[in-house]
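Below are the chains, spelled out letter by letter.
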Amino acid sequence: MKSAVETLNPTRVRLTVEVPFEELKDSLDAAYKKINQQVTVKGFRKGKVPARVIDQRFGRGAVLEEAVNDALPKFYTDAVNEAELSPLGQPEVDITELKDGETLNFTAEVDIRPAIEIPDFSGIEVEVDAVEVTDEDVDKAVEELRERFASTAPVERAAEDGDVVTIDLEAKVDGEVLEDGVANGVSYTIGSGELLDGIDDAVKGLEAGGEATFTSELKGGSAAGKEAEVTVKVTQVAKRELPELDDEFAQLASEFDTLEELRADSRKRLENMKQYDQATQAQERVLEKLLELVEVPVPEKLLEDEINTRKHNLEHHQLGQMGLDLAKYLEIQGKSEEEFETETREAAVKGIKTQFVLDELVKQEKLNVNQEELTEHLMRRAASSGMSPDQFAQAVVEGGQVPLLVGEVARGKALAVVVEKATVKDTNGEIIDLDDEEDEETTEASAEETPAESAEEKTEG
């Protein structure tokens, strides 16, 4: 077999392959054997029909077609390996010449990973928010904790903002009560915005036994998105009562004996959260600077596939779970379809470039992923997916996704290398020394998009 490579553009090549006919022998033998098992010829036992009879009865062309289809993936893979290419997705194959007994010639066009040169990135500088926790921040955190320990007491008066009402609901569309449009004994805090638009105005001013009707667009259920006439009946009005902010509350709501200790712990927790946010911000900004330094051509077919995948996931998974369609989502976001298309394309381009650059860094820095790192990453991914580690691991193995997880960890380590060499200052001008553990977690999160790796999995051969 002889092969040659023609570069069509930085992300696409054409392979020209010439195969001497004798190299098709194994595939021809396999083709005759396969056809033998599928046909019946009078006078011959099944599977024992001579090749010349198959040629006469079914045509040599059918045998050649079967043999070529069997052989092409191997010859294509051999040509790819010989040229040391990294193909993305399936090739477009064209048989240019097939002469029985002489030769098989074909071309294969395929997208490839572009050659990327990583420049010196040690001079990257970024600015992040300073970690500052004010007394007001602590007050707010303690107040939120206090809210969680609020109790309710029934009152005999009209409902007001902040009250907890027990209500019965009935929704009608076009005058008909929906099968899933009746709910009794629902507890609702007025002003929380957790139910239907318009319900706050409807129940405010009602006492127990009071009833009101209002119109609202349903957010979920069988008639999601439709206007409904909703009847709400208040069966109880209760006032929320907050516990006193004292040592007794600290003992009730935490492991601490005093309110002062609880506030100190709240401050520490807020500092840790802001430090994590700061580290995440640093990773994102360092990555942006790195991408600005590197010229990364993006294969158009890979980009279109990634855009379509993002749209599909948004429309059929994320929005579907919320009972929204794309039009309603864009209305809520205040975006036009053109703005959505532009943002989706930009995000897809960034995702592909990120992977190409970080994968090149993995090779350049000779980074490896050990079993402990992979297990820790798997545990985090399992937690974020809502699955147990065993369930998630089984799904990953059965889906053949282990290489994807390894890639995510490796890219996280590559970005950590860049962050370590970058200068990170906060808005006060202080140099930030990011904690290694935070680096690892946040960089993995920054590097989890794997469109190109997914495309490689689909590569023939």
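Residues numbered from 1 in each chain as written. Predicted model: local features only at pLDDT ≥ 70, side-chain atom pairs only at ≥ 80, totals over all residues. Heavy atoms only, no water.

- Going by the annotation in an unreviewed UniProt entry, the name recorded for the protein is Trigger factor, with Streptomyces olindensis given as the source organism.
- Looking at the protein in UniProt, the text filed under Catalytic activity (unreviewed entry) is "[protein]-peptidylproline (omega=180) = [protein]-peptidylproline (omega=0)".
- According to its UniProt record, the protein has this under Subcellular location (unreviewed entry): "Cytoplasm". (UniProt positions renumbered as here; feature names shortened; annotations may be inferred.)

With respect to the overall build of the protein
Part 1 of the reasoning: A tally of helices and strands in the protein yields 15 helices and 11 strands.
Part 2 of the reasoning: Taken over C-alpha atoms, the radius of gyration comes to 32 Å for the protein, far larger than the 23 Å a tight globule of 461 residues would show.
Part 3 of the reasoning: Referenced to the eigenvectors of the C-alpha coordinate spread, the extents of the protein come out at roughly 100 × 65 × 40 Å.
Part 4 of the reasoning: Across the 461 residues of the protein, 38% fall into the buried class.
Part 5 of the reasoning: Long-range pairs, those at least 24 residues apart, make up 71% of the contacts in the protein between residues at least 6 apart in sequence.
Part 6 of the reasoning: When the accessible surface of the protein is summed, it comes to about 26300 Å², and 45% of that surface belongs to carbon and sulfur atoms.
Part 7 of the reasoning: Both charge centroids of the protein, one from 51 positive and one from 108 negative side chains, sit 9 Å from each other. (Helix = DSSP H or I, 4+ residues; strand = E, 2+ residues; numbered from the N terminus. Rg over C-alpha atoms; globule rule 2.2 N^0.38 Å. Buried < 20%, exposed > 50% of the residue type's maximum accessible area, 1.4 Å probe, protein only. Contact = heavy atoms within 4.5 Å. Areas by Shrake-Rupley, 256 points an atom, 1.4 Å probe, with all protein chains shown as cover. Lys, Arg positive; Asp, Glu negative; His and termini not counted. Charge placed at Lys NZ, Arg CZ, Asp CG, Glu CD.)

Quick look at the nonpolar core
Part 1 of the reasoning: Membership of the largest hydrophobic core comes to 37 residues, with the highest contact counts inside it found for F121, I124, L290, L361 and V418.
Part 2 of the reasoning: Sorting the residues of this core by element identifies β5 (125-128), α7 (259-293), α8 (300-321), α10 (337-364) and α13 (402-421) as the ones contributing at least two each.
Part 3 of the reasoning: It is α10 that provides the largest number of residues to this core, a total of 7 residues.
Part 4 of the reasoning: Not counting chain neighbours up to four residues away, the residues in contact with F121 comprise L290, L293, L361, E365, V417, V418 and K421.
Part 5 of the reasoning: Within the second largest apolar cluster, 31 residues are counted, among which are I54, V63, L85 and V110. (Core = buried A, V, L, I, M, F, W, Y, C linked by side-chain atoms within 4.5 Å.)

Describing the UniProt feature "domain: PPIase FKBP-type" (unreviewed entry) in the protein
Part 1 of the reasoning: The feature "domain: PPIase FKBP-type" (unreviewed entry), as given by UniProt, occupies residues 162-215 in the numbering adopted here.
Part 2 of the reasoning: A helix fraction of 9% and a strand fraction of 54% characterise residues 162-215, whose end C-alpha atoms lie 22 Å from each other.

Thoughts on the packing of α7 against α13
Part 1 of the reasoning: Interaxial distance between α7 and α13 falls to 10 Å at its minimum, and their mutual angle equals 90 degrees. The orientation of α7 with respect to α13, classified from their angle, is roughly perpendicular. Each of Q283, V286, L287 and L290 in α7 lies in contact with α13, whose residues at this interface are L415, V418 and V419.
Part 2 of the reasoning: Here the residues of the contact of α7 with α13 are counted per class, giving 6 nonpolar, 1 polar and no charged. (Axes fitted to C-alpha atoms, helices over the stretch in contact; angles between N-to-C directions. Parallel < 35°, antiparallel > 145°, perpendicular 65-115°, else oblique. Nonpolar A, V, L, I, M, F, W, Y, C, P; charged D, E, K, R; others polar.)

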